[in-house]
Amino acid sequence: MNINVLNHPLISHKLSLLRDKKTGTKEFRELVSEISGLLFYESMKDIKLEEKEVETPICKTKGYVIDENKLAFIPILRAGTGMLDGLISVFPNAKIGHIGLYRDEETLRPHKYFYKVPKDLKKRDVYILDPMLATGGSAIAAIKLIKEDLGKKNKIKFLSIIAAPEGVEAVNKAFPEVEIYAAALDEKLNEKGYIVPGLGDAGDRIFGTK
Ligand code: PRP
Ligand code: URA
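Everything quoted here is computed from the prediction, not taken from an experiment.

Trainee: I'm lost on the site of ligand 2 in this one. Help?
Mentor: For ligand 2, the full set of nearby residues is R103, M132, A134, G193, Y194, I195, G200, D201 and A202. Measuring from an oxygen atom of ligand 2, one finds a backbone N or O atom of I195 at 2.8 Å. The backbone of A202 places a nitrogen or oxygen atom 2.8 Å from an oxygen atom of ligand 2. Within the complex, 87% of the 240 Å² of free accessible area of ligand 2 lies under protein. Residue composition of the shell around ligand 2, by class: five nonpolar, two polar and two charged.

Now the structure itself:
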């Protein structure tokens, strides 16, 4: 299985609060955002830097900067939007796309209802955001759509908070070049396609809809 799982005490701590069914909407949203920022931090380790001269109060020196115009964040609606804050607080100028997908409760197959990405996506590396990677159906559908608008050399990274082995294997098989990052790799899926132990329905917990 090809996945980068964040192994850090801070992640374990925040993830336990997130999983707790007693955690309310406000705290849940804040935790999703914080964990997403940490996931982004880890996933951008190989990002290209550009040299830039900087003048300190003492002297000139060589600095290194990231070109925000080469990044795009694409959350999968709805739950993925809960992850956005954590990333745009770091890079407020990155462009944002949206992919609307919902999973049919019976078949577990994803259905597309919205797709809008930055026009110049070919110039950008893409970070797809979705807190839950369960069967992998939504992730695979999103990657397929994005690839139609992306250059051959652009990278796609998939950031999730909790991943199930079934979903990771499915994405690895369909798109071995897509790097997956997760705060946790859980045990399995249950008969309803929910991640075990998981955190329940991420969208409902972020938006308080149930
Ligand atoms: C959830 C989740 C993922 C998808 C994961 O969304 O946010 O998008 O399920 O499941 P999969 O890996 O089996 O495809 P859902 O379809 O419930 O929509 P929502 O975000 O609107 O609640
Ligand atoms: N979507 C969720 O929100 N939670 C799961 O456990 C699986 C899919």
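More follows now that the structure is in view.
Trainee: Where do I start with the side chain of T23 in this structure?
Mentor: Within the secondary structure layout, T23 lies in the loop between α1 (9-19) and α2 (25-43). Relative accessible area serves as the criterion here: at 11%, T23 is assigned to the buried category. With near-sequence residues (within four places) excluded, T23 lies in contact with L17, F28, L31 and R205.

Trainee: How do you make sense of the pattern of salt bridges when you look at a structure like this?
Mentor: Note that side chains of opposite charge can pair when their charged atoms are close. As enumerated under the stated definition, the model contains 16 salt bridges in all. For K26, the salt bridge is made with E30, and the minimal N-O distance between the two is 2.9 Å. On the criterion of helical spacing, the pair formed by K26 and E30 is a turn pair, its members being four residues apart in helix α2. A relative accessible area of 37% places E30 in the partly exposed class.

Trainee: Explain the site of ligand 1 to me, please; I cannot follow it from the model alone.
Mentor: Taken together, 15 residues sit near ligand 1, with R103, D130, T135, G136 and S138 positioned nearest. In this structure, an oxygen atom belonging to ligand 1 sits 2.9 Å away from a side-chain N or O atom of R78. Take R103: an N or O atom from its main chain is 2.7 Å from an oxygen atom of ligand 1. In the complex, the protein chains occlude 90% of the 500 Å² of accessible area that ligand 1 would expose alone. Of all the secondary structure elements, the ones that give two or more residues to the shell around ligand 1 are β6 (98-103), β9 (132-133) and α4 (137-148). Of the residues in the shell around ligand 1, the class split is six nonpolar, five polar and four charged.

Definitions and limits used
- Residues numbered from 1 in each chain as written.
- Chains lettered and ligands numbered in written order.
- Predicted model: local features only at pLDDT ≥ 70, side-chain atom pairs only at ≥ 80, totals over all residues.
- Heavy atoms only, no water.
- Near = heavy atom within 4 Å.
- Polar contact = N/O pair within 3.5 Å; in protein donor to acceptor, adjacent residues only side chain to side chain.
- Areas by Shrake-Rupley, 256 points an atom, 1.4 Å probe, with all protein chains shown as cover.
- Nonpolar A, V, L, I, M, F, W, Y, C, P; charged D, E, K, R; others polar.
- Helix = DSSP H or I, 4+ residues; strand = E, 2+ residues; numbered from the N terminus.
- Buried < 20%, exposed > 50% of the residue type's maximum accessible area, 1.4 Å probe, protein only.
- Contact = heavy atoms within 4.5 Å.
- Salt bridge = Lys/Arg side-chain N within 4 Å of Asp/Glu carboxyl O.

Bear in mind that shape data such as this cannot, by itself, settle questions of function.
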